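Chains, contacts and geometry: an overview
Listed below, chain by chain, are the residues.
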Amino acid sequence: MSSPHQSVPPAKSSHTTDEGTDTGRPSRPGGLRSAGPGRLAAIAAVVLAYLIVVVVGTVQDWSLGVRIGLIVPVAVIVWLLVPRKANTPTPGVQVIGVPRLAYIGVLVLAFCVFFPFVGWPLVLWPLLLAPVVAVWWVIRTHTTVSEGGLELSSMFGKKQLDWAQVKGIRIPKRGYVRARLADDSEVRLPAVGYDRLRELIEASGGRLPDVFASAEAAEAERITAERAAAKAEAEAGAPSEAKAEPEAEPTSEQ
């Protein structure tokens, strides 16, 4: 296997993605990542309305069961507002994003901060910013691979890289894979860790070399060379051992 810290130059594309085929997930998958501004505003309004009700209920000394129980219809409304998965993927486009299992972590974080908030909402409301930031990070962090190049989306903005700008990739020991540009600067590829590198290579359509195949070929060559050297050494040592054996003395018969 190749070293986890290396620079790999991109190979020239020998083919393009066929029309109508898909290299991976659609460019606009279902979930919050594909929600438009209107849906996001509606979801935020529903959640904000619920938080206002919780604050008012705390001031008016409503039952704790009522304040917590209202989260069930709010969750159902939010779930209905979240777009479903797209039926038709975009040909030649793959989105490498944060795994959807990350939402489980966001849900656990939300529960951890929710109960303290319900008990003292006027003071502990800043705790609710933690799951909001986590959701925003999951939604925004992704790398889109297409025929035009790489689109890097982070929490605070987007950056477009044409394939002509990409000089190679570097695989650090920790963190996301980095793209090395023609001016020798480096750009981090959001959500593309070493475990997602194979997806990036396959989605590039031959513009990035298959480092896994290269590493396997190099390993196979090394093993073959070691076996050949061991065989040659064994063959060279066999005549020497034969010469070293003492000759048997002839016996005389009486």
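Here we summarise the structure given alongside this text. This structure is a prediction, so every number in the text was calculated from the model and none was measured.

1. Points about the overall build of the protein chain
Along its length, the protein chain carries 8 helices and 8 strands. Total accessible area computed for the protein chain in this model is approximately 16000 Å², and 63% of it derives from carbon and sulfur atoms.

2. As for the layout of surface pockets
Estimated volume of the largest pocket: approximately 1600 Å³. Around the largest pocket, the lining is made up of 41 residues, and of these L32, I43, V47, V78 and V135 lie nearest the centre. By residue class, the composition of the lining of the largest pocket is 36 nonpolar, 2 polar and 3 charged.

3. Thoughts on the packing of helix α4 (residues 102-119) against helix α6 (residues 129-140)
One way to put it is that α4 packs onto α6 with a least axis distance of 9 Å and a crossing angle of 170°. Taken together, the axes of α4 and α6 lie roughly antiparallel to each other. Where α4 abuts α6, its residues A102, Y103, V106, L109, A110 and V113 lie against A130, P131, A134, V135, V138 and I139.

4. Here we look at the nonpolar core
If you look at the biggest cluster of nonpolar residues, it comprises 21 residues, and the most contacted ones within it are V145, L150, L189, L197 and L200. When residues of this core are traced back to their parent elements, those giving at least two are β4 (149-154), β6 (166-170), β7 (178-181) and α7 (197-203). In terms of residue count, the dominant contributor to this core is α7 (4 residues). Excluding anything up to four places from it in sequence, L189 contacts T143, L150, L152, Y176, V177, A179 and L200. Counting residues in hydrophobic clusters, the runner-up holds 13 residues, among them I43, V78, V82 and V113.

5. Considering the pattern of salt bridges
Tallying each qualifying case throughout the model produces 6 salt bridges. R207 is the salt-bridge partner of E147, the closest N and O atoms lying 2.9 Å from each other. In this pair, E147 sits in the loop between β3 (142-146) and β4 while R207 sits in the loop between α7 and α8 (211-244), placing the two residues 60 residues apart along the sequence. Residue E147 is classed as partly exposed on the basis of its relative accessible area of 35%. The closest approach of N and O atoms between E151 and K158, which form a salt bridge, is 3.9 Å. Here E151 falls in the partly exposed class, since its relative accessible area comes to 27%. Judged by relative accessible area, which is 55%, K158 ranks as exposed. Several salt bridges converge on common partners, so that one network encompasses R170, R180 and E186.

Thresholds applied
- Per-chain numbering applies: the sequence of each chain, read as written, is numbered from 1 onward.
- For this predicted model, a pLDDT threshold of at least 70 governs which residues receive local features, and a threshold of 80 or more governs which side-chain atom pairs are given and counted, while totals over whole chains, interfaces and linings are taken from all residues.
- The basis for every side-chain value is the complete set of heavy atoms in the structure, and neither hydrogens nor water enter the calculation.
- Counting from the N terminus, the helices are the DSSP runs of H or I reaching at least four residues and the strands are the DSSP runs of E reaching at least two.
- Areas reported as accessible are Shrake-Rupley estimates using a 1.4 Å probe. Residue values count occlusion only from the protein chains shown.
- Using a 1 Å grid laid over the protein atoms alone, points where a 1.4 Å probe fits but cannot get out form a cavity; open sets with protein on both sides within 12 Å along at least 5 of 7 lines form a pocket; any residue with an atom within 4 Å of a point counts as lining.
- Grid points are joined across faces, edges and corners, and a volume is the space filled by probe spheres set on the points.
- Residue type decides the class: Asp, Glu, Lys and Arg count as charged, Ala, Val, Leu, Ile, Met, Phe, Trp, Tyr, Cys and Pro as nonpolar, and the leftover types, Gly among them, as polar.
- Only the stretch in contact is used when fitting a helix axis, every axis being a line fitted to C-alpha atoms; angles between N-to-C directions are given from 0 to 180 degrees.
- Roughly parallel means an angle under 35 degrees; roughly antiparallel means over 145; roughly perpendicular covers 65 to 115; every other angle is labelled oblique.
- In this analysis, two residues are considered to be in contact whenever any of their non-hydrogen atoms come within 4.5 Å of each other.
- Buried Ala, Val, Leu, Ile, Met, Phe, Trp, Tyr and Cys residues that are joined via side-chain atoms within 4.5 Å together make up what is termed a nonpolar core.
- A simple rule labels every residue: compare its accessible area, found with a 1.4 Å probe on the protein chains alone, to the largest value its type can have, and call it buried under 20%, exposed over 50%, or partly exposed in between.
- When a carboxyl oxygen of Asp or Glu lies within 4 Å of a side-chain nitrogen of Lys or Arg, that pair is called a salt bridge.

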